[in-house]
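Here is how the chains run, residue by residue.
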Amino acid sequence: MQNAQKVIIIGSGPAGHTAAIYAARAGLTPVMYEGFMAGGVAAGGQLTTTTEVENFPGFPDGITGPELMDRMRTQSQKYGTTIHTETIERVDFSSRPFKVFSQNDPATAILAQSVIIATGATAKTLPIQGFGEYWQKGISACAVCDGSLPIFKNVPLFVVGGGDSACEEATYLSRFASRVYLVHRRDKLRASTIMQDRVLSNNKIEILWNSEVSAASGDGKKLGSVTIHHLLNGGNENRDAGGLFFAIGHKPNTDVFKGLLDMDADGYLLTKPGTAQTNVEGVFAAGDVQDKRYRQAITAAGSGCMAALEAERWLAVNGIH
Ligand code: FAD
Ligand code: NDP
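As the structure is a prediction and not an experimental result, all values here were calculated from the model. (Residues numbered from 1 in each chain as written. Chains lettered and ligands numbered in written order. Predicted model: local features only at pLDDT ≥ 70, side-chain atom pairs only at ≥ 80, totals over all residues. Heavy atoms only, no water.)

Scanning the model with the defined rule gives one disulfide in all. Across the disulfide, Cys142 is cross-linked to Cys145 (sulfur-sulfur distance 1.9 Å). The sign of the 60° torsion about the S-S bond sets the Cys142-Cys145 disulfide as right-handed. Classification of Cys145 as partly exposed rests on a relative accessible area of 30%. (Disulfide = S-S within 2.5 Å. Buried < 20%, exposed > 50% of the residue type's maximum accessible area, 1.4 Å probe, protein only.)

Set out below in structure tokens:
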């Protein structure tokens, strides 16, 4: 039987790479499975789908998402992380060493003394007409990330959704926009009272009830208008739009762990408060896969650091490292 790796990291966004850098520098010779279009996202994670990242410390002039992730990958490898461009399709955490199985060789168990799960989440969007053409040219799924970009200043912005994220994003965007339209498919918001109150008392935000965005159009270079479909009377209306933000939830990439690890009702992995520890000792979770609240590169990186430090301590306590 092959030797068990000390630490296997599943996933390759900021959480996975930060965990890898810390684990590698601690001499744990981590092995990362970075995924191959796992969850529909390229290796490197969600930031590979965006342009400028302006809120990751250390880059005062900003850096593109793909370049930031390339640099993290290089840093992980520099300190001794082995990276496989493979997706983990099955795991067995019922006994130690743990077993993980790659899509490339599903019959062979890869053994691990500890596992760090950093498989991230995928922002949900809607396949409206014009989506592909204007994604990242006015259409976004992260207001906090993109909202302050110059293209969104003093123009009408549309936010789709009725939950806390949609309310938070609409409120945030109202600082930059000429007006914000919150497009919700029902006549009642799902968001908490406090978030609703913020939206309802903000005179720059208007709610379009019982409505959905059915199309996006523009000049080919950037979004110029959206079509609002009124669900009660079936009517359609074109409105000028400088931006369209989807805030209809995220899907954590946790299908592989269903029934094996504790999750909340939305499928986010549960960790013990203030730690990266899951309900299985020796299995840690970091980044968006366990964080439905902040969902930022820097918070993902921070929890990746926590996961690696906890894995190192856990291996030491168990006499493995
Ligand atoms: P992710 O980045 O989601 O990466 C997880 C990786 O794991 C993916 O590559 C996935 O393919 C892989 N994976 C999944 N399942 C498996 C498996 N079974 N086996 C192997 N690999 C697997 N945040 C900011 O701070 N600033 C920004 O400007 C910013 N802009 C954004 C723009 C967009 C368009 C989006 C969608 C998000 C943006 N974010 C931004 C949020 C940020 O990208 C995320 O918070 C962050 O990437 C989360 O990191 P993570 O490591 O948890 O996971
Ligand atoms: P939610 O699942 O709570 O809300 C998603 C919203 O999108 C709902 O209003 C839903 O409509 C709408 N929606 C979903 N699918 C579609 C679709 N296909 N077409 C149109 N609309 C759609 O997700 P959130 O991201 O808002 O929140 C996730 C979790 O994170 C929650 O627990 C929330 O409380 C928490 N959170 C807390 C924050 C805070 O406290 N500051 C900030 C952000 C999130 P409908 O209501 O009709 O189902």
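Picking up where we left off.
Turning our eyes to something else, we now look at the side chain of Ser174. Turning to its location among the elements, Ser174 is positioned in the loop between α5 (164–173) and β12 (179–183). When neighbours within four sequence positions are excluded, Ser174 is seen to be in contact with Val180, Asn202, Lys204 and Ile205. (Helix = DSSP H or I, 4+ residues; strand = E, 2+ residues; numbered from the N terminus. Contact = heavy atoms within 4.5 Å.)

Moving on, we come to the site of ligand 1. As a matter of local geometry, ligand 1 sits amid 37 residues, with Ala38, Gln46, Asn55, Asp288 and Ala297 nearest to it. Here an oxygen atom of ligand 1 and a backbone polar atom of Ala42 are 2.9 Å apart. Between an oxygen atom of ligand 1 and a main-chain N or O atom of Asp288, the distance comes to 2.8 Å. Of all elements in the fold, only α1 (14–25) and α7 (297–317) reach the threshold of two or more residues within the shell around ligand 1. Taken together, the residues of the shell around ligand 1 break down into 17 nonpolar, 16 polar and four charged. Each of domain 1 (8–123 + 250–317) and domain 2 (131–246) accounts for three or more of the residues forming the shell around ligand 1. (Near = heavy atom within 4 Å. Polar contact = N/O pair within 3.5 Å; in protein donor to acceptor, adjacent residues only side chain to side chain. Nonpolar A, V, L, I, M, F, W, Y, C, P; charged D, E, K, R; others polar. Domains from an automatic or database assignment.)

Under the counting rule described, the total for this entry stands at one cavity of 30 Å³ or more. For the largest cavity, the full set of lining residues is Ala123, Lys124, Ala141, Ser165, Glu169, Phe246, Ala247, Ile248, Gly249, His250 and Arg295. Three or more residues apiece are contributed to the lining of the largest cavity by two domains, here domain 1 (8–123 + 250–317) and domain 2 (131–246). (1 Å grid on protein atoms, 1.4 Å probe; cavity = no way out; pocket = protein on both sides within 12 Å on 5 of 7 lines; lining within 4 Å. Points joined across faces, edges and corners; volume = space filled by probe spheres on them.)

The next thing to look at is helix α2 (residues 65–78). What sets the pattern is the α-helix's 3.6 residues per turn: residues three or four places apart point alike. Between its terminal C-alpha atoms α2 stretches 20 Å, which fits the 20 Å expected from 14 residues at 1.5 Å a residue. Backbone geometry just after α2 places Gly80 at a positive phi near 110°. (Expected span 1.5 Å × (residues − 1).)

By themselves these figures say nothing about function.
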